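Tertiary structure, described
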Amino acid sequence: YRRFMFKFMFLALLSISALAQNNRIPNFNNSKKILKKFPIFNEETLYCGCKISGNKVDTASCGYIPPSASKRAGKVEWEHVVPASALSQGIEYNKSLCGKKSKRACLEAKVPDYAFRTADLYNLYAEDGLINQIRSDKPQEEVVSSEKSFGKCDIKTDRRGFTPRKEVKGIVARTYLYMDSAYPQARVISNKNRKLYEAWNKMY
């Protein structure tokens, strides 16, 4: 948890216009290269708190038990706390210019504003690949019961939502609140979830 709080302070020092928005890192791939250079950013995963060694997640270190066989389980990936899909709002998408590219790939290649949004370092955290896949672009909210068991990793998920472990609910909330402030045209927070994130911010 202290590492994640340090991340916010460290990135603020790196940025001339701290907490304004990203206008210096041109794309997601560049962000991953930057984050990999600083061990403090990839010593443990966000949602389960597992230790990381190189490109591998030490699942035993946090009691995380992958609920299914997956090539992505145990592999480090970079998670967008505010999903990349949510960051496309307010940006015109012209499918005719994309050819066979997916919407995300097309926007990242052809729309600098979207590429800057997805490359924002405040929104990126190291995570287990399978957890990243399971979370997908589900909103982060209070899920009553989980469809899957993750061992001692205290997250919950169903078809509609995802609940992070309580230790990082404040981090998640502040990430959403920052991204909403930095990119207001994206409208990343609903009225319902704004109240929840403000509560998480105060509680954690």
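Criteria and cut-off values
- Residues numbered from 1 in each chain as written.
- Predicted model: local features only at pLDDT ≥ 70, side-chain atom pairs only at ≥ 80, totals over all residues.
- Heavy atoms only, no water.
- Disulfide = S-S within 2.5 Å.
- Helix = DSSP H or I, 4+ residues; strand = E, 2+ residues; numbered from the N terminus.
- Buried < 20%, exposed > 50% of the residue type's maximum accessible area, 1.4 Å probe, protein only.
- Core = buried A, V, L, I, M, F, W, Y, C linked by side-chain atoms within 4.5 Å.
- Contact = heavy atoms within 4.5 Å.

**With respect to the state of the cysteines**
Counted according to the given criterion, the structure contains three disulfides. The disulfide partner of C48 is C153, and the S-S distance across this bridge is 2.0 Å. Its S-S torsion of about -80 degrees marks the bond between C48 and C153 as left-handed, since a negative value means left-handed. Placement of C48 in the loop between α2 (28-36) and β1 (51-53) and of C153 in the loop between α5 (129-135) and β5 (156-157) is noted, with a sequence separation of 105 residues between them. The same class applies to C48 and to C153, which are both buried. The disulfide partner of C98 is C106, and the gap between their sulfur atoms is 1.9 Å.

**Quick look at the nonpolar core**
Residues Y47, Y64 and I131 are the most contacted members of the largest nonpolar core, which totals 51 residues. Where this core is concerned, the elements lending two or more residues are α2, β3 (76-80), β4 (124-128), α5, α6 (169-182) and α7 (191-203). Of the residues forming this core, the biggest block, seven residues, is contributed by α6. In contact with Y47, other than residues within four places in its own chain, are E79, V81, E127, I131, R135, Q140, C153, I155, F162, P164, R165 and V172.

**A look at the side chain of N193**
Relative to the helices and strands, N193 resides in helix α7. The buried category is assigned to N193, whose relative accessible area is 7%. Beyond its immediate chain neighbours, meaning those up to four positions away, N193 contacts P139, Q140 and E141.

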